[in-house]
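Given next are the chains, with one letter for each unit.
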Amino acid sequence: MPSDPILVAESLDKVFRVGGALFGRRFNAVSDVSLAVAPGETLSIVGESGSGKTSLARMLVGLDRPDAGIIRFHGKPPAGKSGGNGATALGPSRTRLQRRAIQMVFQDPYASLNPRRTILDIVAEPLDVHGLARGPARRQRVEELLDLVGLGPAITSRFPHEFSGGQRQRIGIARALAAEPAVLVCDEPVSALDVSVQAQVVNLLIDLQRKLGLAIVFIAHDLAVVRAMSHRVMVMYMGKVVETGTVAEVLDRPRHPYTQALRASVLDLDPEIARSRRPLLVLGEPPNPVDPPAGCSFHPRCPRATDICRQAVPALREGAGGFAVACVNASTGTE
Amino acid sequence: MEYAEERWDEEQLGRWQGDVVTAATAAANGSARADQMRAAALSVDRLTVRFRTLRGEVKAVTDVSLSLPRGGVLAIVGESGSGKSVTARAIMGLVTSDNATVSAEGLSLAGRDLLTLAPEARQGLRGSAISLVFQDALSALNPVLTVGSQLAEPFRIHQGLSRRDARDRAVELLRRVRIPSAERRINDYPHQFSGGMRQRLLIAVGIALNPEVLIADEPTTALDVTVQAQILDLLDELRRDLDMAILLITHDLGVVARLAEDVAVMYAGRIVETAPAERLFARPAHPYTSALFASAPRISATAVLKPIDGSPPDLVSPPQGCAFHPRCAQRSAVCIAQRPRLTPTAAGLAVACHHPQDAEDGGRIDAE
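Residues numbered from 1 in each chain as written. Chains lettered and ligands numbered in written order. Predicted model: local features only at pLDDT ≥ 70, side-chain atom pairs only at ≥ 80, totals over all residues.

Enquirer: Where do I start with the overall build of chain A in this structure?
Expert: The secondary structure content of chain A amounts to eleven helices and twelve strands. Radius of gyration (C-alpha) of chain A: 21 Å, near the 20 Å computed for a compact globule of 335 residues. The principal-axis extent of the C-alpha atoms belonging to chain A is close to 70 × 50 × 45 Å. Within chain A, residue pairs in contact and separated by at least 24 positions form 62% of the contacts whose partners lie at least 6 positions apart. (Helix = DSSP H or I, 4+ residues; strand = E, 2+ residues; numbered from the N terminus. Rg over C-alpha atoms; globule rule 2.2 N^0.38 Å. Contact = placed C-beta atoms within 7 Å.)

Set out below in structure tokens:
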């Protein structure tokens, strides 16, 4: 496992306002979230709708600015460019090089490719923006990239509507790779795909990571896909990290009641197990993020909630063996 | 939803192509139920649906035959474009557009022959004998009516209840689908409910008139996993309590494992394998079924996923022979030359393949 992180985020906050200036209310889409990801490593961020995982992804790639906290990039600048080597705090407006280093793969391959542009122009866009290749070199580079994602070079003059969902997602990945990023942030890249095609894209991402040493931040809600894909997992609930650790720690020994509920809600592909195992008693659905509950935001749904949970926000406590959990009732094995 | 669909449908009634519309076999409602106790809740014989498009004829569904026992759960599982949703809509009589042709050799609902039923009588069955729960709860509910008036409508229309009685029944329904503070929430509008609660509302509309068959089309696809688990529990509980058969349409193998007793696997508009759920998951016979299982990520152990190469075929010009042959590891010359028929192999089992996987050693290609 690679050790030195290439992308580090510390105590990120994102606040959105809903309603007008006078009567509007604020809610914390992301609060106090820290993470680090190393080259060759996949960190999955798991959560249900409203957990803040997409807001976090958008801050990491620079599409949104954090309201507090800092994002540092530790990588070398891309080859052939001058510049410092070492930690660089990414400011509110990133330099072109910083933007190149962290690229995004979007969820919906039907909405994220311009229908009026050819595959050549779509994949070449980062090359044009960053001035990486022109003329024949540009086409050659696009053909290499398409080859890298398992699509032939013959498709360069075709349009997105001619391709299936899985093929479009490959095109989206080729476009992200054109910028020669060190970090790939993938926002639910396979959730719109059929299961047989989803496996193609998951395997492609794993393969690309091995070849290129990419650090991947993988935003997902499907724990089975997360298991197939990642080294470490971070579970979010209502904007906060509730549990983080290695895949084995989080998925096989979940400690937070929310992670336990998520894990128990995943349906096993064995009818006997799927029917016999009753999901843990989680009550209802996530509360309105504009009006979060006091104390631990999970307490209204938690089967183990006590008075402390209704009053104090639990801190994320680290345990031995590479995990951390934000629940007063969870054992970290260090007390 | 059902009644909304019906209204929308009114002008288009009788477009059930291939119908022999006779002068009504009287609204065979309710009374006849007792005699039909032993009949299958729903049986479909060689249902075929075609759509004419500019690109050519889309062979959406071909020769689909199903039998859903009373109180049973049959899942139709398939990926996008497999024809599973069109099958459900055709059974409901909702495939009515001008460019569609629907034909079937048999279609009966609890012993009533739908093919010879007058359109009005058939419409009367929707909601009362068969109903459909859609995937997208927000667009299936009317945003400008309170949920109370939407839930009360079937009672007023089908059963002629007074406003007050219908409202009481609506409150009862909300409790039945476990929506908290039913008396208060009955005056709320759909947007005031969360996604999971809206799906419960749709299910409430679906079960309002105690139908014999509930068709659930991807009932949990849009929901978060913790909510999905709750909705599946609810469906399971309701069908036991109400002795209602469920035709479950889904792409999600986990949902099939949780709910289905029998499974029909569809590929390119045809059924390629049918089997009881336990048997199908343990020993799939069709190479597509086992490839589908091998490509699915599992929660219990980290495994290398085995995708199916290529994409599902274009239903305007599906491949010759077996539609799965271009993606199949077992294919031989005969698969390209000749389409395999869906052939029964044992009680309750059937497979459409020239090289079905050996049942004894477990055909399943296990992920490593």
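Still more ground to cover, so stick around.
Enquirer: Would you mind showing me how to read the overall build of chain B here?
Expert: Looking only at helices and strands, chain B features 13 helices and 13 strands. In chain B, which comprises 368 residues, the proportion classed as buried is 50%. Pairs at least 24 apart in sequence give 69% of the contacts found in chain B among residues at least 6 apart. (Buried ≥ 20, exposed ≤ 12 C-beta atoms within 10 Å, placed from the backbone.)

Enquirer: Teacher, can you tell me more about the interface of chain A and chain B here?
Expert: By a widely used convention, the size of an interface equals the accessible area lost when the partners come together. Counting residues at the interface gives 34 residues for chain A and 35 residues for chain B. Counting only elements with at least two residues in the side of chain A that touches chain B, the list comes to α6 (195-212), α7 (223-229), α9 (257-265) and α10 (271-276) of chain A. The element best represented in the side of chain A that touches chain B is α6(A), accounting for seven residues. Residue composition of the side of chain A that touches chain B, grouped by class: 18 nonpolar, eight polar and eight charged. (Nonpolar A, V, L, I, M, F, W, Y, C, P; charged D, E, K, R; others polar.)

Enquirer: So what exactly am I meant to see when it comes to the nonpolar core here?
Expert: When a protein is soluble and globular, its nonpolar side chains tend to lie buried together. Counting 214 residues, the largest nonpolar core has A:Val183, A:Val217 and B:Ile215 as the members making the most contacts within it. Element by element, the count of residues in this core is highest for α6(A), at eight residues. Excluding anything up to four places from it in sequence, A:Val217 contacts A:Val37, A:Leu43, A:Ile45, A:Ala57, A:Leu60, A:Val183 and A:Val185. (Core = buried A, V, L, I, M, F, W, Y, C linked by C-beta atoms within 7 Å.)

Enquirer: Looking at this model, I keep getting lost on helix α9 (residues 225-242) of chain B. Mind explaining?
Expert: In an α-helix there are 3.6 residues to a turn, and that puts residues three or four apart on one side. In this model α9(B) runs 26 Å from its N-terminal to its C-terminal C-alpha over 18 residues, within 8% of the 26 Å that 1.5 Å per residue would give. Among all positions in α9(B), only B:Val225, B:Thr226, B:Val227, B:Gln228, B:Ala229, B:Gln230, B:Ile231, B:Leu232, B:Leu235 and B:Leu238 are buried. Lining the buried residues of α9(B) we find α9 of chain A together with α8 (195-207), β8 (213-217), β9 (245-250) and α10 (253-259) of chain B. One or two residues past the end of α9(B) sits B:Asp243, with phi positive at roughly 50°. (Expected span 1.5 Å × (residues − 1).)

Enquirer: When you look at the sheet that holds strand β1 (residues 7-18) of chain A in this model, what are you seeing that I'm missing?
Expert: By way of backbone hydrogen bonds, the strands of a sheet pair with one another, either parallel or antiparallel. All names here are of chain A. With antiparallel pairing, four strands are arranged side by side in an open sheet as β2-β1-β4-β5. In this open sheet, the two strands that pair with only one neighbour each are β2 (25-37) and β5 (88-89). Where β1 meets β2, nine bridges bridge the pair, whose relative direction is antiparallel. Paired with arginine 17 across the two strands is arginine 26, which belongs to β2. Against the sheet, helix α1 (residues 53-61) makes contact with β1, β2 and β4 (68-73), and its axis sits at roughly 120° relative to β1, the strand it touches most. (Pairing = 2+ DSSP bridges. Axes fitted to C-alpha atoms, helices over the stretch in contact; angles between N-to-C directions.)

Enquirer: Just checking my understanding: could you explain the confidence of the model for chain B for this structure?
Expert: For residues with low pLDDT, the predicted coordinates do not support detailed interpretation. Residue and element names in this part refer to chain B. The predicted model of chain B averages 84 in pLDDT, with 86% of residues at 70 or higher. Within the model, pLDDT remains below 50 along residues 1-38, and this stretch shows 55 contacts once partners closer than five positions in the same chain are excluded. Interface confidence for the predicted complex, expressed as ipTM, amounts to 0.85; the pTM equals 0.85. (pLDDT = per-residue confidence, 0-100.)

Enquirer: Got a minute to help me understand the sheet that holds strand β11 (residues 270-276) of chain B in this structure?
Expert: Residues and elements named next belong to chain B. Strands sit in the order β7-β8-β9-β3-β10-β11-β13-β12 across an open sheet of eight strands; the sheet is mixed. Among the strands making up the open sheet, the edge pair consists of β7 (130-133) and β12 (343-346). Between one strand axis and the next, the sheet turns through 20° on average, direction left out of account. Direction of pairing for β11 relative to strand β13 (residues 349-351): antiparallel, over a ladder of two bridges. In the strand pairing of β13, glutamate 273 is matched with valine 351.

Enquirer: So what exactly am I meant to see when it comes to the environment of A:Pro300 here?
Expert: Residue and element names in this part refer to chain A. Along the chain, the position of proline 300 falls in the loop between α10 and α11 (307-311). Along the chain, proline 300 and glycine 284 lie 16 residues apart, while their C-alpha atoms are 8.8 Å from each other. Among all residues touching proline 300, those that are not within four sequence positions of it are Leu283, Pro287 and Pro293.

Enquirer: In this structure, what is going on with the environment of A:Ala179? I would like to understand it.
Expert: All names here are of chain A. Within the secondary structure, alanine 179 is located in the loop between α5 (165-178) and β7 (183-187). In this structure the C-alpha to C-alpha distance between alanine 179 and glutamate 125, which are 54 residues apart in sequence, comes to 9.0 Å. If sequence neighbours within four positions are ignored, alanine 179 has contacts with Arg100, Gln103, Pro126 and His130.

Enquirer: Teacher, can you tell me more about the packing of helix α3 (residues 119-129) of chain A against α5(A) here?
Expert: The relative placement of two packed helices is expressed as an angle between their axes plus a distance between the axes. Residue and element names in this part refer to chain A. Here α3 crosses α5 at 30°, and the two axes come no closer than 7 Å. Between α3 and α5, the interaxial angle falls into the category roughly parallel. Our pair here, α3 against α5, has a crossing hand that is right-handed. On α5, the residues that touch Ile119, Ile122, Val123, Ala124, Glu125, Pro126 and Leu127 of α3 are Ile171, Ala174, Arg175 and Ala178. Residues belonging to the contact of α3 with α5 are distributed by class as follows: nine nonpolar, no polar and two charged. (Parallel < 35°, antiparallel > 145°, perpendicular 65-115°, else oblique. Left-handed = near helix turned anticlockwise from the far one by under 90°.)

Enquirer: Would you take a moment to explain unusual backbone geometry for this structure?
Expert: Peptide bonds are trans in most cases, and residues, glycine excluded, mostly fall at negative phi. Residues and elements named next belong to chain B. The phi dihedral of serine 181 falls on the positive side, at around 40°, and the residue is not glycine. One non-glycine residue with positive phi stands out, namely asparagine 210, at about 50°. You can see asparagine 210 is positioned in the loop between α8 and β8. Given 12 C-beta atoms within 10 Å, asparagine 210 falls into the exposed group.

Enquirer: Help me understand the packing of helix α4 (residues 135-148) of chain A against α5(A) in this model?
Expert: Residues and elements named next belong to chain A. Contact geometry of α4 with α5 gives a least axis separation of 9 Å together with a crossing angle of 130°. One finds that α4 runs oblique with respect to α5. When the axes of α4 and α5 are compared, the crossing they make is right-handed. Across from Leu145, Leu146 and Leu148 in α4, the residues of α5 making contact are Ala174, Leu177 and Ala178. Looking at the contact of α4 with α5 residue by residue, the classes come out as six nonpolar, no polar and no charged.

Enquirer: Help me understand the confidence of the model for chain A, please; the structure alone is not making it clear to me.
Expert: All names here are of chain A. Averaged over every residue, the pLDDT of chain A is 88; the share at 70 or more is 93%. Within chain A, strand β3 (residues 42-46) carries the highest mean pLDDT (97), whereas β5 carries the lowest (74). pLDDT under 50 marks residues 79-85. Its contacts with residues more than four places away, or in other chains, come to four contacts.

Enquirer: I would appreciate a short explanation of the environment of B:Ser80 in the present structure.
Expert: Residue and element names in this part refer to chain B. Take serine 80: it is sitting in the loop between β3 (73-77) and α2 (84-92). For serine 80, a count of 15 C-beta atoms within 10 Å puts it in the partly exposed group. Expressed as a C-alpha distance, the spacing of serine 80 and asparagine 99, which sit 19 residues apart in the sequence, is 21 Å.

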